[in-house]
Amino acid sequence: METHPLCVVTGGAGFIGSHLCDVLLSAGHEVIAVDNLITGRKDNLAQALKHPHFKLIVHDVTVPFESGIAGQYSNPSYIFHLASPASVVDYQKYPEETALVNSVGTRNLLQLSKQTGAKFLFASTSEVYGDPKEHPQKETYWGNVNPVGPRACYDESKRFGEMMTMVYKRRDELDLRIIRIFNTYGSRMRPDDGRVISNFINQALKREPITVYGDGTQTRSFCYVSDLVDGIVRAMFTEGTNGEVINLGNPEEYRMIDLAKKIKDMTGTTSKIVCKELPLDDPQERQPDITKAKTLLGWEPKVTVSEGLSKTIVYYRSL
Ligand code: NAD
Ligand code: UDP
């Protein structure tokens, strides 16, 4: 009889997690998404929910699994731990929930991995580098994070999650890896999630002012979601990734003022570009060094920012 290795995707109803579920299903896996829908939406799983090898379990992963829910995903082969509010607006609205899902939640999933022998992947973030003093950022850089600032609920809990993951690596010899995701965008980002690309495109489409924070000289590097998901899959399934920390992102770097102008041009909007106050601790620059992902995974992004923005504009127009 044909077997379908079971993948558990926490945060599977979110932006990235739902795309990951679709790709894993297409590759022939059985997939269980575990999500408490705090920032995700069941709608993101419309396609997956039609698939016979897919199930959504609405569950908060900070709640221990002994409560019976674990029985429903009793023998996973792979655990992708993506659950966490991720946009600045979301994690500042839910600071304690964010801190807990990346700490207690990560520990619960590591326990499940230990009990079942499932391979584990922790979705960390470029935010562990904080406001970086090294540019571009390599995996060896330890970061520059404010532990008591408004972003700390996210940054520090991801750092804690990374630490806990490595405890289980060293002590229990689990088969696991950590990916550090840099700014990712594409369809299924909520229009109101506050991220820069969702804000700029939706403001442009509604002919409202495009809000650049600060003077717009700060930079980010933007990865289209299909490239990112390809990198996540490779990080889990490629030989030689056990115990590794891997940056995943697109090195194509923009100043926010230039991104605003680009989106204004691409949408043909009459919106004006306006400057607003820069949020506290907003990193000044960010760009991944992806040498390790290229070497280890044979991965690099294929979708240019121009192509990805076009697709994302089409998506938001269709809503
Ligand atoms: P998202 O908010 O769209 O998805 C996160 C999902 O996790 C949501 O569906 C949410 O309901 C779920 N969730 C949160 N807490 C939970 C809990 N306690 N139990 C169960 N489910 C819970 O965000 P995203 O952009 O898809 O991010 C996915 C992952 O990737 C996150 O771990 C995030 O930190 C990481 N990441 C994303 C980016 C990016 O640019 N999108 C960058 C760096 C890291
Ligand atoms: N930003 C902006 N206008 C907005 C939203 C965000 O200029 O309407 C800036 C924000 O200050 C930051 C960058 O865009 O410098 C990326 O912000 P986002 O929240 O998308 O991601 P993160 O800060 O987590 O990288």
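A brief look at the structure comes next. Because the structure is predicted, anything quoted here is derived from the model rather than measured.

### A short note on the packing of helix α5 (residues 196-205) against helix α7 (residues 256-267)
Next up, step 1: Axis separation between α5 and α7 bottoms out at 10 Å; the angle between their running directions is 40°. Classified by the angle their axes make, α5 and α7 are oblique. Crossing hand, α5 versus α7: right-handed. Facing Val196, Ile197, Phe200, Ile201, Ala204 and Leu205 of α5, the residues of α7 in contact are Met256, Leu259, Ala260, Ile263 and Thr267.

### Side note on the sheet that holds strand β4 (residues 78-81)
Next up, step 1: Here we have seven strands laid out as an open sheet, ordered β3-β2-β1-β4-β5-β6-β11, and parallel in their pairing. Here the strands that pair on one side only, and so sit at the sheet edges, are β3 (54-58) and β11 (245-248). Averaged over neighbouring strand pairs, the angle between their axes works out to 20° when direction is ignored.
Next up, step 2: Pairing of strand β1 (residues 6-10) with β4 involves four bridges; the strand directions are parallel. Paired with valine 8 across the strands is isoleucine 79, a residue of β4.
Next up, step 3: Together, β1, β2 (30-35), β3, β4 and β6 (176-181) form the strand contacts of helix α1 (residues 15-26), whose direction differs from that of β1 by roughly 170°.
Next up, step 4: Sheet contacts for helix α6 (residues 225-237): β4, β5 (119-125), β6 and β11; angle to β4, the most-contacted strand, approximately 135°.

### A short note on the layout of surface pockets
Next up, step 1: In this model, the second largest pocket occupies a volume close to 180 Å³.
Next up, step 2: Contributing to the lining of the second largest pocket are Glu162, Met163, Met166, Arg170, Ile178, Arg180, Gly243, Glu244, Val245 and Lys292.
Next up, step 3: Of all the elements in the fold, those that place two or more residues in the lining of the second largest pocket are α4 (152-172) and β6.
Next up, step 4: A total of four residues in the lining of the second largest pocket trace back to one element, the largest contributor, which is α4.
Next up, step 5: Residue composition of the lining of the second largest pocket, by class: four nonpolar, one polar and five charged.

### Describing the site of ligand 1
Next up, step 1: Surveying the vicinity of ligand 1 reveals 29 residues, the closest of which are Asp35, Thr39, Leu82, Tyr154 and Arg195.
Next up, step 2: Taking glycine 14, its main chain carries an N or O atom lying 3.1 Å from an oxygen atom of ligand 1.
Next up, step 3: Between ligand 1 and the protein, one listed contact pairs an oxygen atom with a side-chain N or O atom of tyrosine 154 at 2.6 Å.
Next up, step 4: Burial of ligand 1 by the protein chains amounts to 96% of its free accessible area of 820 Å².
Next up, step 5: Those elements giving two or more residues to the shell around ligand 1 turn out to be α1, β5 and α4.

### Digging into unusual backbone geometry
Next up, step 1: Cis geometry marks the peptide bond from histidine 135 to proline 136, where omega comes out at -10°.
Next up, step 2: Mapping proline 136 onto the fold places it in the loop between β5 and α4.
Next up, step 3: At arginine 188, a residue that is not glycine, the phi angle is positive and equals roughly 80°.
Next up, step 4: For arginine 188, the position within the fold is in the loop between β7 (184-185) and α5.
Next up, step 5: The buried category is assigned to arginine 188, whose relative accessible area is 13%.
Next up, step 6: A positive phi is found at aspartate 281, a non-glycine position, where the angle reads about 65°.
Next up, step 7: Along the chain, aspartate 281 turns up in the loop between β13 (273-276) and α8 (291-297).
Next up, step 8: Given a relative accessible area of 31%, aspartate 281 falls into the partly exposed group.

### Some thoughts on the side chain of aspartate 227
Next up, step 1: You can see aspartate 227 is positioned in helix α6.
Next up, step 2: As a buried residue without a salt bridge, aspartate 227 has its nearest oppositely charged side chain in lysine 302, at a separation of 5.3 Å.
Next up, step 3: Ignoring any residue separated from it by four or fewer positions in sequence, one finds aspartate 227 in contact with Trp299, Pro301, Lys302 and Val303.

Rules of the game
- What you see as residue numbers is a count from 1 along each chain, following the sequence as written.
- Whichever chain is written first is A, and whichever ligand is written first is 1; the rest continue in order.
- Local features are withheld for residues below a pLDDT of 70 in this predicted model, meaning they are given only at 70 or higher, and side-chain atom pairs are given and counted only at 80 or more; totals for whole chains, interfaces and linings count all residues.
- Hydrogens are left out, water is left out, and the side-chain values use all remaining heavy atoms of the structure.
- Only the contacting stretch of a helix is used when fitting its axis, a line to C-alpha atoms as for every element, and angles between N-to-C directions run 0 to 180 degrees.
- Strands are runs of DSSP state E lasting at least two residues, helices are runs of H or I lasting at least four, and both sets are numbered from the N terminus onward.
- Roughly parallel covers angles under 35 degrees, roughly antiparallel covers those over 145, roughly perpendicular covers 65 to 115, and oblique covers all other angles.
- The sense of a crossing depends on the near helix, which, turned anticlockwise from the far helix by less than a right angle, makes the crossing left-handed and, turned clockwise, makes it right-handed.
- For this analysis, residues touch if any pair of their heavy atoms sits within 4.5 Å.
- Paired strands are those between which DSSP finds at least two bridges.
- A pocket, in this scheme, is an open set of points on a 1 Å grid over the protein atoms alone with protein on both sides within 12 Å along at least 5 of 7 lines, while a cavity is a set where a 1.4 Å probe fits but cannot get out; residues line either one if an atom lies within 4 Å of a point.
- Grid points are joined across faces, edges and corners, and a volume is the space filled by probe spheres set on the points.
- Note on residue categories: nonpolar means Ala, Val, Leu, Ile, Met, Phe, Trp, Tyr, Cys or Pro, charged means Asp, Glu, Lys or Arg, and polar means any other residue, Gly included.
- Proximity is defined per residue: any heavy atom of the residue falling within 4 Å of a molecule or strand makes that residue near it.
- Polar contacts, as counted here, are pairs of nitrogen or oxygen atoms within 3.5 Å of one another; within protein the pair requires one atom able to donate a hydrogen and one able to accept it, and residues that are adjacent in sequence qualify only if both atoms are side-chain atoms.
- The accessible surface values rely on the Shrake-Rupley method and a 1.4 Å probe; as for residues, cover is taken only from the protein chains in view.
- Remark: exposure states derive from per-residue accessible area (1.4 Å probe, protein chains only) relative to the maximum for the residue type, with buried under 20%, exposed over 50%, and partly exposed in between.
- Only four residue types enter the tally: Lys and Arg on the positive side, Asp and Glu on the negative side; His and the chain ends are excluded.
- Salt bridges are counted wherever a side-chain nitrogen of Lys or Arg sits within 4 Å of a carboxyl oxygen of Asp or Glu.

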